[in-house]
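# Chain and residue survey
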Amino acid sequence: MSLLLRPAFASPQLHLRVAAKLHSARSCSTFNVTGYMPEAAAFPGVRDYPGLRDLSVQHPERFWGILGRERLAWITPFHTVSDCDLTQGRVRWFEGGQLNVSVNCIDRHVHMSPDKVALIWERDEPGAHVKITYRQLLEVTCRLANTLKRQGVRKGDRVVIYMPASPIAVASMLACARIGAVHTVVFAGFSAEALANRIQDAQSETVITTNQALRGGRVIELKKTVDQAVKLCPSIKRVLIAMRTENKVPMSNIDIPLEEEMMKEEAVCDPVAMESEDMLFLLYTSGSTGKPKGVVHTQAGYLLYTSLTHKYVFDYHDGDVFGCVADIGWITGHSYVVYGPLCNGGTTVLFESTPVYPNPGRYWETVERLKINHFYCAPTAIRLLLKYGDTWVKSHDRSSLKTLGTVGEPINSEAWNWYYKVVGDGRCPVLDTWWQTETGGICISPHPAGRDAKIVPAMAMRPFFGIDPVLVDDQGRRLEGNKVSGSLCIAKPWPGMARTIYNDHDRFVDTYFKAYPNHFFTGDGAHRSEEGYYQIIGRLDDVINISGHRLGTAEIEGAVNQHQVVAESAAIGCAHEVKGEGSYVFIVLKDGINISEDTIDKELKDIVSQKIAKYAAPDHIQIVKRLPKTRSGKIMRRVLRKIVENKIDELGDLTTLDDHVAVEEIVAGREKILEKEAKN
Ligand code: WT7
């Protein structure tokens, strides 16, 4: 354990320094900048939040240098704050430094307060939460790390984690971090084929899973799905299985009972000294091609950025209970269930269930029972719950709540207002937070801006420290001034941003740094308001956002095209009342095929569920004779979108359209569907 700890963040000296500063009676208004951020003491002349933000953007080296030193526990201090060249997609922070992420997230808090609760596992079974202290988390993580080592997992190896939110899943992530393995968590709702694709791309030898899972009271055969996936993955050497239920599952010669092995191991495990830029994890996310990309995040920069955003966006204070209900299979779960809160020594909730199990009061009953102070969810859940009315909310005590947040997709005003007025009783700031898998943490949100800063409903508003958003037009020109809309780019690197796409740096450069040279291109459109605040409009590429989950239309088409009667297809996003977006798929059948609409509808939903995940199943399927294409053969999705939106008079320029009859036929078909829906 000699490698451990220089507990700078929680150091008493720092707090004394801060206290001294507070007493030196700076005559600024109500906002005390060093009370707000102790490190601001190192920036003379900075008096308020705007001053701190300006400094972070104009002098990123100074800002991040101090924060990096003070907030993380280093084994070896870094010598270079940042070394980035966005034209090459080169992003490097805190080089020369060595640290261990699991030490930052566990050990240093064990030293300060071992019995503090780290995790509250809100199990699927209502009312059956489990608390895990920092001391317990360290023990479980060490036993798991030792088990991985004994089974042959080495530094740099990729470990696939396919399990629902649970302490053992979090310990699996942290155990990888402890021994320097790279985790890749795959959302447990993904199908066997989707899991297999990710295992293959990551060239992983190890999977950690559970025998079964429970979700909304239903049993899910997780291990069976892993068995199917592993058949397609010769690289797999071992599958570690934790027991979520009592039920035994068939075990093969590569299957290892995880808890049994852990009990044989020691409860201490020396952390490996990792370089700042060593890989911490891969997380697969959809792009505009059929192949999901493995977004790579590294150690120090990611950890610093998630912990800083967790602290300042939500105004997290020691002792608060942080309730982010996202699954650990998404970036939100990585950054705001696991790494951000634990790095800050916080208490974080692991939510295993659904918003409507056993009834639509589940979230608020959980808030009441666990005394949650900060609640963070997706707009889709708010839209769903508001349909059930206010009683489910009002029958629970929500006085513990201090902040409410949303993420993943645009939030409409109705949902925002309901969240603010009904859930928060008009007392809590509601924060619409914008970010992406690639950004590592929150980039635009109403706070931090000081406690009393104005919030415009349903708007992400303000860039976080170090984030320099710019709007760019189609010609690549930077749009100056307010009341403008364009492609959202970020002009400067920040510590939390992705470093590459696993095994495909060219794709990384092409996707994010080619459209607008020397800028990170987000793929989203945004508007800068009259007052200079940012409003996110939505994706500009062929990515749709279903219940806050990203999906490429090319992925849906890839799955649909595997059905034997389908000649070709085109998938587009369409408005969906609850999910935000759904998918609408046009298909052309092969010659001579005769199949009923109901049959093909069901079969295509099945095939997409089987190839990708249930949430990806198309909402609408329309059989057409041919797709509208340009003379060079490109599908004109813009035209399809207008037809689905029933904006026939806005089809736009059709001069490149190859066959006008195709469009007329599709419009006629769409009208028939609308008539049928109206009758039902
Ligand atoms: C895409 C990123 C970041 C965690 C969850 C999603 C959309 C995200 C917002 C928001 C409007 C949003 C964007 C973005 N998005 N937050 N507050 N308002 N749109 O992560 O799967 O990487 O998806 O989600 O389109 O590009 P992700």
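Described below are features of the structure shown in this document. As the structure is a computational prediction, the values presented were derived from the model and not from experiment.

### Details of the overall build of the protein
Secondary structure assignment for the protein yields 21 helices and 31 strands. Taking 680 residues into account, the globule formula puts the C-alpha radius of gyration at 26 Å, and the protein, at 25 Å, falls close to it. Across its three principal directions, the C-alpha atoms of the protein cover 80 × 65 × 55 Å. Split into buried and exposed, the 680 residues of the protein put 59% on the buried side. In the protein, the share of contacts with a sequence separation of at least 24, taken over all contacts with a separation of at least 6, comes to 70%. Charged side chains in the protein number 80 positive and 81 negative. The centres of these two groups are separated by 3 Å.

### Side note on the nonpolar core
In this structure, Leu52, Phe63, Tyr339, Leu342 and Phe465 are the most contacted members of the largest nonpolar core, which totals 118 residues. Here Phe465 is in contact with Tyr36, Met37, Tyr49, Leu52, Arg53, Ser56, Phe63, Trp64, Tyr305, Leu308, Tyr312 and Pro448, once residues within four sequence places are set aside. Grouped together as the second largest cluster of nonpolar side chains are 43 residues, Phe190, Ile241, Ile544 and Val585 included.

### As for the sheet that holds strand 7 (residues 182–185)
Pairing in this open sheet of eight strands is mixed, and the strands run 12-11-8-6-7-14-15-24 from one edge to the other. With one partner strand each, in any of the chains shown, strand 12 (255–257) and strand 24 (500–501) form the two edges of the open sheet. In this structure, strand 8 (residues 206–210) lies alongside strand 11 (residues 238–242), joined through five bridges in parallel fashion. For Thr206, the partnering residue across the bridge sits in strand 11 and is Arg238.

### Notes on the packing of aromatic side chains
For the structure shown, the criterion picks out 41 aromatic pairs. Ring centres of Trp93 and Phe94 lie 5.9 Å apart, and the angle between their planes is 50°; on these two criteria the pair is classed as tilted. Pair check on accessibility: Trp93 and Phe94 agree, each one buried. For the pair Phe351 and Tyr363, a centre-to-centre distance of 5.4 Å together with 65° between the ring planes defines the contact as edge-to-face. With Phe351 in strand 17 (residues 347–351) and Tyr363 in helix 13 (residues 362–370), this pair connects stretches of sequence that are 12 residues apart.

### Here's the deal with the site of the ligand
Near the ligand you find 17 residues, and of these Asp432, Thr433, Thr437, Asp524 and Arg550 are the closest. Here a nitrogen atom of the ligand and a side-chain polar atom of Asp432 are 2.6 Å apart. Between the ligand and Asn545, the relevant distance is 3.3 Å, taken from an oxygen atom to a side-chain nitrogen or oxygen of the residue. Protein coverage of the free-state accessible area of the ligand, which is 560 Å², stands at 96%. Residue assignment for the shell around the ligand shows that the elements contributing at least two residues are helix 12 (331–343), strand 20 (430–433) and strand 26 (534–539). When its residues are assigned to classes, the shell around the ligand shows six nonpolar, six polar and five charged.

### Some details on helix 16 (residues 413–423)
Residues of helix 16 that are buried include every one of Ala415, Trp416, Trp418, Tyr419, Val422 and Val423, and no others. Two residues or fewer past helix 16, Asp425 is found with a positive phi of approximately 50°.

### A look at helix 3 (residues 49–58)
Residues of helix 3 that are buried: Tyr49, Leu52, Arg53, Leu55, Ser56 and Val57. Against helix 2 (33–36) and helix 4 (60–71) lie the buried residues of helix 3. For helix 3, the side-chain oxygen to backbone nitrogen distance between the N-cap and Gly51 is 2.9 Å, and the N-cap itself is Asp48.

### Description of the sheet that holds strand 22 (residues 478–479)
Spatial ordering of the open sheet is given by 22-21-23-25-26, a layout of five strands whose pairing is antiparallel. A strand with exactly one partner marks an edge of an open sheet, and here the two such strands are strand 22 and strand 26. Where strand 21 (residues 469–472) lies against strand 23 (residues 484–490), four bridges are found, and the strand directions are antiparallel. Following the sheet pairing, Val470 is matched in strand 23 by Cys489.

### Quick notes on the environment of Lys602
Mapping Lys602 onto the fold places it in helix 19 (residues 597–611). Overall, Lys602 belongs to the exposed group, its relative accessible area being 52%. Residues Lys602 and Ser166, 436 residues apart in the sequence, show an inter-C-alpha distance of 34 Å.

### Focus: the pairing of strand 21
Both faces of strand 21 are covered, namely the face carrying Pro469 and Leu471 and the face carrying Val470 and Val472. Here strand 21 folds back onto strand 22, and the loop between the two strands holds five residues, one of which, Gly476, carries a positive phi near 85°.

### So, the packing of helix 14 (residues 379–386) against helix 16
One way to put it is that helix 14 packs onto helix 16 with a least axis distance of 9 Å and a crossing angle of 75°. Relative to helix 16, helix 14 is oriented roughly perpendicular. Counting all contacts with helix 14, which are made through Ile382, Arg383, Leu385 and Leu386, the residues of helix 16 involved are Glu414, Ala415, Trp418 and Tyr419.

### Observations concerning the side chain of Asn211
With respect to the helices, strands and loops of the structure, Asn211 is situated in the loop between strand 8 and strand 9 (213–215). The class of Asn211 is buried, set by a relative accessible area of 0%. At a separation of 3.0 Å, a polar atom in the side chain of Asn211 contacts the side chain of Thr245. Those residues in contact with Asn211 that sit more than four places away from it in its chain are Glu221, Leu222, Lys223, Ile241, Ala242, Met243, Arg244, Thr245, Asn247 and Val249.

Rules and cut-offs
- Residues numbered from 1 in each chain as written.
- Predicted model: local features only at pLDDT ≥ 70, side-chain atom pairs only at ≥ 80, totals over all residues.
- Heavy atoms only, no water.
- Helix = DSSP H or I, 4+ residues; strand = E, 2+ residues; numbered from the N terminus.
- Rg over C-alpha atoms; globule rule 2.2 N^0.38 Å.
- Buried < 20%, exposed > 50% of the residue type's maximum accessible area, 1.4 Å probe, protein only.
- Contact = heavy atoms within 4.5 Å.
- Lys, Arg positive; Asp, Glu negative; His and termini not counted.
- Charge placed at Lys NZ, Arg CZ, Asp CG, Glu CD.
- Core = buried A, V, L, I, M, F, W, Y, C linked by side-chain atoms within 4.5 Å.
- Pairing = 2+ DSSP bridges.
- Phe/Tyr/Trp six-rings, centres within 6.5 Å; stacked < 30°, edge-to-face > 60°.
- Near = heavy atom within 4 Å.
- Polar contact = N/O pair within 3.5 Å; in protein donor to acceptor, adjacent residues only side chain to side chain.
- Areas by Shrake-Rupley, 256 points an atom, 1.4 Å probe, with all protein chains shown as cover.
- Nonpolar A, V, L, I, M, F, W, Y, C, P; charged D, E, K, R; others polar.
- Axes fitted to C-alpha atoms, helices over the stretch in contact; angles between N-to-C directions.
- Parallel < 35°, antiparallel > 145°, perpendicular 65-115°, else oblique.

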